[in-house]
Structure formats: structure tokens, C-alpha cells
Amino acid sequence: MLNLIVRRVAIAIPTLLIILVISFLLMHAAPGGPFTSEKPLSPQVLANIEAKYGLDQPIHKQMFNYTVGILTEFDFGPSFKYKDRTVNEIIAQGFPVTMTYGVWSFIIAVFFGVPLGLIAALRQNTRTDYFAVSFSIAASVLPNFVMAPLLILVFTLWLGLLPGGGWNDGSWQNLVLPVIALSTSYTAELTRLTRASLLEVLRSNYIRTARAKGLPELKVILRHALKPAMLPVITYLGPMFVGLITGSFIIDSIFSTGGMGYFFVNSALNRDYSVMLGITLLVGGLVVLFNLIVDLAYGWLDPQIRY
Amino acid sequence: MAGWIRKSGIKLMIDLKAKKNFNFYNFELAPDDEMKGRSLWVDARIRYARNKMATICLFILILICIFSIFGNLFAAYSIEEIDWAILGMTLEKGYPSFETGHYFGTDEMGRDLYARVVQGSRISLSVGFIGAIISTFVGTMYGAISGYIGGRLDGLMMRIVDILIAIPFMFILILFLVVFGRSILMIFVGIALFSWLGMARVARGQTMTLKNKEFIEAAQAIGVSQFTIVIRHIVPNLLGIVIVYGSLMIPGFIMAESFISFLGLGVQEPNTSWGALISEGAGTMTYGTFWQLAFPLSFFTVTMFCFYFIGDGLRDAFDPKDR
């Protein structure tokens, strides 16, 4: 187990470093600094500003200072566009919002998708199964940027049941549509994966043995089939987490929920490099951490994995 | 993109069907064809054609491709021409109609939606296909070389893939677009940079099983160079699985492009794509101009749906387990 952790961390660290280096270099390769505006600044003013933000130093030093700032004080530096705000403040404002509907979507996708897939597999070729399969096909062609406008169209414009945007301190009415829009395609994917994987396990020899020795069906499933059937599902949780975070951009832009996606897209449109860099690194760190957890869970569940 | 690699889904239903048809299948072959060997491709084509849903979807997809290539011949307006008679009165006058020549209506700025949907389909589909071609080419070569040579080089090459695949590529892609300018070319480059990773893994896995086969040994014995073995003997034998995997990736690329364009970070005006059109339509649906959302959305959804079944049909057609 320790070996597994070490190996995974050994992959995680270079991943983070590469994200840091690529995004840092990309930012600095960009034509026009963050302070180029229509009104040209006098060279002296420009030099002063650049000195203030540390932009006059050589690039490796800037990168080093930036990394040290993040690691020691969790400081992502100032925003280049909004002089009175730091990236930390922006993250502090957007992160809880993103996390709220992200976590809800995650929970809903897992708690609906997995049981639906299990039931579908256990009742293969019944009506329940056909329903689950058609649901997963239909939902997989409806990504969040398709779901979100459709939901607003139906529930806000036609039925007038739920607000079509805003955050309102995360009241449930404001959460329902974003969470449905974000979680549907992942619920579908989990349903399909769980169904397929349980069906495959149920056809394997050791399940036949378990049945042959007279175990009741429920015990066969709970004790022998469930754990191996969950392995592909666990692996999918990693990409799903990434998908939920990137999907939150769409949610923020359609529902005006004001999460991190809103700030990221805005800073991309305004070339506010430090905000983009900060959010990219934060998300990269989260993704790497989450993948690490998924890998460890996998290693713990699957006795065949020995590093 | 990983989402598109599905294990079985409806495949099982098709499995059952295949079993039912099995006797029929042998029967059909029995007297005449018995002597003729059939290549993998003929075999796959026969099996694909037996899957009705996949065949219908392929047909629809071809129609959509034809629409995107030749559709603008029938457009009465160009993509950027503003119909001044309609501007400002989109809801009253901009609805879909054959009399005005706006078959799909107009957008909020009085531009012809038909012409824009044709253009959007062209861009979205080409992102899908070009992405698949590049990633297939790069990924297959990378995976085949890594798998065939093996040893340390393989370890190194695969660790690189492990690391790159863990990067949330959408973020880097957006950074890329911001820094080098938002254009469709940059989307191609950006998607190509990250898309080959999954393919490389698949190709490597398959190469590992191939490289101990007798025909490879025979090639080695007569002194064929490593490079030639990879190109002549490994890669052609990877094609089946590569085609299946490639077809499953196309919707992922189209979605990635639509995602970025939806956020306004992708294609730039006056060019457009499905994502950008859906975004515009979603923005204006509160005014009651539903057609602005409906047309691009239907094209997008139908295409995704078709790719789903085509990928499924291809997998069944090439799946060696079924044989």
C-alpha cells in the first residue's frame, strides 16, 4: 500500500509541476503585458508597476517566487486587472459556490447512477433495464451546455417553477437547475458503466461457482459481485470530477451563479493572467489530489493491484 | 472524452441479436462463399450492415456532412449579411420561412440562421474529424513504437502519457487560446496536443499482444528493420481497434470545441460553430425566438446520437470477441 502511495505521488508531483510551468510560460509568452491599455503609460510608471508586481525580474525567479508564495502562504498574488483584489479573494468568493453545486452534482450522479445501473443489470432485458439504457443514451448526447438552456426553457420560461439564474446564498431553488444540468450526463455515464460492469462480473466463473454451491442470489451479489463490479466505476470518478469542475464554467455562465468558472472565463476574456493562473493551479492541484484518492481507493478495492 | 469509451451499454442487446442471427449467418455462407476467405474489412462491413441502428445513423451522419459541405449553395444570404428589414424585429419577422429565404429564421442581429448553421456544422464536424485523424495518427505511432520497443523507452514514454493525461486539459486549452489568439486553428492545435494520449495507451496495449505473434518473429528472423516492422506489420494490425477508438473520440472533440465556443472563447465572429450558436440561442430564448436554439441544438444532438450508435456498431463489427 505504501508503495502504491509513493508511486502515485511520484506521478502527481511532476504533473503539478508541468501544469505550473506550462501555464506560467504561456502567460508570459502572451503578447502585451497585463498593463497594456489604450492609454500608453509613461515608461517610468510602467517600470514602477512592473517592479511592484515583480515583473521586472527574470522569469525563473518570478516562477520560483510565485511557487514559494503558494506553498508557504497559499498566496496566489494580486489580480492584474482589478487593482483592489487579490486572486485569493476571488477564489474565496467563487470556490464555495462551485464546490456547493459540484458536490451536490457528484452526490446525485453517484447515488442515482450507480443504483440505477445495478438494478438495470440485475433485471437485464426487462422494462427497467430498457428505461435505464435509453436514459443513459439520451443523457449522454445532452452535455451540460445543452441541458442548461433546455432546463431554463422548460422550468423557468414555460412552467415558471424555478429561478433561471442567480445564487441567492445557495438556496435550494437556485441549486436545483444547475445541479440537474451538471449531473445528468455523469449520472447516465455511471449508469451505463455500472450496468455493463456488473453484467460482465455476473457472467464470470466464480459467480457461477458461488451460485452452484447454493448461495442465495442476494448473497452472491452482495458478497461476490458488487466489489469487483465497482472497480470501473471508481476509475470513472476521476474523469468525472474533472468534468464537473470544467462543466461548472457552463453553469456559471448560464445561471450566473458566480462560481470560479465565472471568474475564469471573465479573466480569460480580459487577459487577467494572474487570476487564470491561480484558478488553473488550484483546479490542477484538486484534480491531482482527487485522482490520487481514486487510485488509492482502487488499489484498496482490487487485490490484484500490487505495486 | 473518457466518457465516450463505453463498455457495453446497448451492446448486450446487440449481442443477443447477433446470437439469434448466428445460424442464419452460417447458412448464408454455406455453399458458395465457403471457399473464399474474407478479409477483416469485408467481415466487419457485413457485421456493421447487420446493425440497423448503426446503418441508419451512418446514413443520417452522411446527410449532415453533405448538408455542411453543400448546404450554403442553397442559402439565400451569407453568414454575415444583416437583413435590415428584420433587424430589431426578430420575433415578428425573423421566424423560419421560405418566403423570406431565411429557412431557419434569423439570429438576433438579423443574419440568416440557415447559412450560419451550415457554417457551424462545417466547423464543428471538421474539428471532430481532423481531431480524430491527428490523434489517431500520433497516438498510434507513439503507442506502437512504445509497445514494440518496450523496456526503458516504453516506461519513459508511458510515464509521459500518465503525467500529461492527468492535466485538466480544458484549462490549458483555454490558456492556449487566450495567449495565442482565439481562432479555429488554435483549437485544432490545442485539441491535437492533448487528444492522442488515450489513443497511445490503446495502441500500446494492442501492440504488446501483437509483438509476440509468429508473423512478427518471422519478420525479425529475415532481418526486417524495427521501423519497418512497426509500420508494415504492427500498425496495419492495430487499425481495427484504432478505428473503433477514433470513432468514439470524435464526439468528444466536437463537444470540447462546442464547450469552448459556448463560453465565447472559441471561434470568432463572423465564423461560428454549434457551441457558439447554441450559446446565442440560449441567450435569446427569453425573447421567444426558440428557433435560434432549436436548429443548432437539433443538429448537435442528432450528430452526437449518430456518433454514439456508429461507434457502437463499429465496435461490434471489429470486436474480435464476437467472432
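How each quantity is defined
Residues numbered from 1 in each chain as written. Chains lettered and ligands numbered in written order. Predicted model: local features only at pLDDT ≥ 70, side-chain atom pairs only at ≥ 80, totals over all residues. Heavy atoms only, no water. Helix = DSSP H or I, 4+ residues; strand = E, 2+ residues; numbered from the N terminus. Buried < 20%, exposed > 50% of the residue type's maximum accessible area, 1.4 Å probe, protein only. Contact = heavy atoms within 4.5 Å. pLDDT = per-residue confidence, 0-100. Phe/Tyr/Trp six-rings, centres within 6.5 Å; stacked < 30°, edge-to-face > 60°. Buried area = accessible area lost by both parts, 1.4 Å probe. Salt bridge = Lys/Arg side-chain N within 4 Å of Asp/Glu carboxyl O. Polar contact = N/O pair within 3.5 Å; in protein donor to acceptor, adjacent residues only side chain to side chain.

**So, the environment of B:Ile133**
Residues and elements named next belong to chain B.
Part 1 of the reasoning: As for its position among the elements, isoleucine 133 is in helix H6 (residues 113-149).
Part 2 of the reasoning: Overall, isoleucine 133 belongs to the exposed group, its relative accessible area being 59%.
Part 3 of the reasoning: Residues isoleucine 133 and tyrosine 95, spaced 38 residues apart in sequence, show a C-alpha to C-alpha distance of 38 Å.

**Structural notes on the environment of B:Leu125**
All names here are of chain B.
Part 1 of the reasoning: Assignment of secondary structure puts leucine 125 in helix H6.
Part 2 of the reasoning: In this structure leucine 125 comes out as buried when scored by relative accessible area, which is 3%.
Part 3 of the reasoning: Remark: the alpha-carbon pair of leucine 125 and alanine 256, spanning 131 residues in sequence, is separated by 12 Å.
Part 4 of the reasoning: When near neighbours in sequence (up to four residues on either side) are disregarded, leucine 125 contacts Ile64, Cys65, Ser68, Ile254, Trp274, Thr303 and Phe307.

**Description of the confidence of the model for chain A**
Part 1 of the reasoning: Scored by pLDDT, chain A comes out at a mean of 82, with 94% of its residues at no less than 70.
Part 2 of the reasoning: For chain A, helix H2 (residues 43-52) of chain A is the element with the lowest average pLDDT, namely 75, and helix H8 (residues 205-212) of chain A is the one with the highest, namely 90.

**Let's talk about the packing of aromatic side chains**
Residue and element names in this part refer to chain B.
Part 1 of the reasoning: Scanning the model with the defined rule gives 25 aromatic pairs over all chains in all.
Part 2 of the reasoning: Seen from their ring centres, phenylalanine 104 and phenylalanine 299 are 6.2 Å apart, and the 45 degrees between their planes marks the pair as tilted. Placement of phenylalanine 104 in the loop between helix H5 (90-93) and H6 and of phenylalanine 299 in helix H13 (residues 291-318) is noted, with a sequence separation of 195 residues between them. There is no split in this pair, since phenylalanine 104 and phenylalanine 299 are both buried.

**Some words on the interface of chain B and chain A**
Part 1 of the reasoning: The interface of chain B with chain A comprises 47 residues on the first partner and 60 residues on the second.
Part 2 of the reasoning: For the pair chain B and chain A, the summed buried area comes to about 4,600 Å², and 82% of that belongs to carbon and sulfur atoms.
Part 3 of the reasoning: Together, B:Phe171, B:Leu175 and B:Val179 form the three largest contributors to the area buried by chain B at its contact with chain A, with a combined 15%.
Part 4 of the reasoning: At the boundary of chain B and chain A, one finds zero salt bridges.
Part 5 of the reasoning: Inspection of the region where chain B meets chain A yields one residue pair in polar contact (both at pLDDT 80 or more).

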